[in-house]
Amino acid sequence: VRIAAFEAPGGQARLGLVRPDGVEVLDITEQAGTNDLVTLIERWADVGSRLAFAGPAYRVGDLSFLAPIARPRRNIFCIGKNYRAHAAEFDGSGFNAGAAAHQGVPARPVVFTKPNTAVVGHRRAIDPHLRLTRMLDYEAELAVIIGRKGRGIAREDARAHVWGYTIINDVTARDLQRDHEQWFLGKGLDTFCPMGPFAVTAEEVDDRDLLVECRVNGELRQHASTAELVFDVPELIATISAGLTLLPGDVIATGTPAGVGAGMKPPRFLQPRDRVEISVSGLGTLINHIASPEEA
Ligand code: MG
């Protein structure tokens, strides 16, 4: 099923089931007994199979979306340089400084995090932080949502720990990423983690071959299959959980394909009012715009 988080007309956070036709969202907050997707994931074994397409209906076009996990309980796990062609373009961009500055495809996954305060939903504005950066960039990514707690998860058991999937835009200030060596500031500013438009449960998705695409103002910039991931989803879960406990509701952004603005000659960074659309097969399209000076 597809689950969205949204703001009801009164402003309260709600959870909704997206109808298969994609036109309507049914408010399931009462059935679920919570308006927080992480809490629902924790109760999924009891509640998930009983969720019904019932409840107050909203038209998708009228909804004020929140990120499906609107307030993650901790940082978003992210993977750097996880597509060969992107590793090559990043090496050649001049922005590859600091923690993962070695050239080529990493021998082991490069893991970093974005703070939970960076998360925003579908159709929300991305703050360009013009006082801090003039090198704002997009990164289209498949994100995995963990369903079952675990440490030392074996590769072959990893998919049993996945609850579902969503889309993340790993928004990055390339100058901050380069100048501060660690990537945290360049990738962690407020609004730098658009997520959504909704979450899709694992049984509907085969993460081994999903098309990941990014368009800026309608122009196709990124286009690749998750089949090209250097480290696939089970490998990422095994690696991250080797010595730390993964929890229900944890999110792992799996890395971005080639085609980021920093990799172009000359680079093409995002500007106020630009529209970024990220699509992943079966997961919908996450749309955000860069805030104009009037909005910021
Ligand atoms: Mg990324």
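Summarised in this report is the structure supplied together with it. Every chain's residues receive numbers from 1 upward, in the order its sequence appears when written. At least 70 in pLDDT is required for a residue's local features to be given in this predicted model, at least 80 for side-chain atom pairs to be given and counted, and no such filter applies to totals for whole chains, interfaces and linings, which use all residues. The basis for every side-chain value is the complete set of heavy atoms in the structure, and neither hydrogens nor water enter the calculation.

### Topic: empty space enclosed by the protein
Here a cavity means grid points, on a 1 Å grid over the protein atoms only, where a 1.4 Å probe fits yet cannot get out; a pocket means an open set of points with protein on both sides within 12 Å along at least five of seven lines; lining residues are those with an atom within 4 Å of a point. Grid points are joined across faces, edges and corners, and a volume is the space filled by probe spheres set on the points. Under the criterion given, the structure shown has two cavities of 30 Å³ or more. Every residue lining the largest cavity is counted, 13 residues in all, and those nearest its centre are G80, K81, H86, E139 and W183. Helix numbers and strand numbers start at the N terminus; a helix is a DSSP run of H or I with at least 4 residues, a strand a run of E with at least 2. Of all the elements in the fold, those that place two or more residues in the lining of the largest cavity are strand 6 (76–80), helix 4 (84–91) and helix 5 (174–179). Amino acids outside the nonpolar list (Ala, Val, Leu, Ile, Met, Phe, Trp, Tyr, Cys, Pro) and the charged list (Asp, Glu, Lys, Arg) are all regarded as polar, and Gly is one of them. In terms of residue class, the lining of the largest cavity is made up of four nonpolar, four polar and five charged.

### Let's talk about the coordination of the magnesium ion
Because no water is among the atoms considered, metal sites can look incomplete, with donors defined as N, O and S atoms within 2.8 Å of the metal, or 3.2 Å for Na, K and Ca. Surrounding the magnesium ion are the protein donor atoms E139 (OE), E141 (OE) and D170 (OD), at 2.0 to 2.1 Å. Along the chain, the residues that donate to the magnesium ion are spaced as E-x1-E-x28-D. Within this pair, whereas E139 is found in the loop between strand 10 (136–137) and strand 11 (140–146), its partner D170 is found in the loop between strand 12 (162–169) and strand 13 (172–173), the two being separated by 31 residues in sequence. When sorted by exposure, E139 lands in the same class as D170, which is buried. Partly exposed describes any residue whose relative accessible area lies between the buried limit of under 20% and the exposed limit of over 50%, with all areas from a 1.4 Å probe on protein chains only and scaled to the type maximum.

### Quick notes on the sheet that holds strand 15 (residues 211–216)
Any two strands between which DSSP finds at least two bridges are classified as paired. Pairing is mixed in the open sheet, where five strands are placed in the order 9-19-18-15-16. One side of each edge strand has no neighbouring strand; the edge strands of this open sheet are strand 9 (125–126) and strand 16 (219–225).

### Points about the pairing of strand 14 (residues 193–201)
Counting buried positions along strand 14 gives nine out of nine residues, so the element sits mostly inside the fold. By the bridge criterion, two bridges tie strand 1 (residues 2–7) to strand 14 in an arrangement that is antiparallel. Across the sheet, I3 pairs through a bridge with A199, a residue of strand 14. The pairing of strand 8 (residues 119–120) with strand 14 spans two bridges and is parallel. Looking at strand 14, one finds that V120 is bridged to P194. Relative to strand 14, strand 12 is paired through four bridges, and the arrangement is antiparallel. If you follow I167 over to strand 14, its bridge partner there is G196.

### Notes on the side chain of K187
Structurally, K187 can be placed in helix 6 (residues 184–188). What makes K187 buried here is its relative accessible area of 1%. Counted as a polar contact is a pair of N or O atoms within 3.5 Å, where, for protein atoms, one must be capable of donating a hydrogen and the other of accepting one, and residues adjacent in sequence contribute only when both atoms are in side chains. There is a polar contact of 2.9 Å between the side chain of K187 and the side chain of T172. In this view, K187 contacts F112, K114, E139, D170, V171, T172, R174, Q177 and F192; residues no more than four positions away in its chain are not counted. Should any heavy atoms of two residues lie within 4.5 Å, those residues are counted as being in contact.

### Regarding the pattern of salt bridges
For this document, the term salt bridge refers to a Lys or Arg side-chain nitrogen within 4 Å of an Asp or Glu carboxyl oxygen. Overall, the coordinates contain 22 salt bridges when judged by the stated rule. Across the pair D36 and R73 runs a salt bridge, and its minimum N-O distance is 3.5 Å. Note that D36 is positioned in the loop between helix 1 (29–32) and helix 2 (37–42) and R73 in the loop between strand 5 (64–66) and strand 6, a separation of 37 residues in sequence. The salt bridge involving D170 is made with K187; its shortest N-O contact spans 2.8 Å. With D170 in the loop between strand 12 and strand 13 and K187 in helix 6, the pair connects residues that are 17 residues apart, well separated along the chain. It is possible to trace a salt-bridge network through shared partners that takes in K114, D137, E139, D170, R174 and K187.

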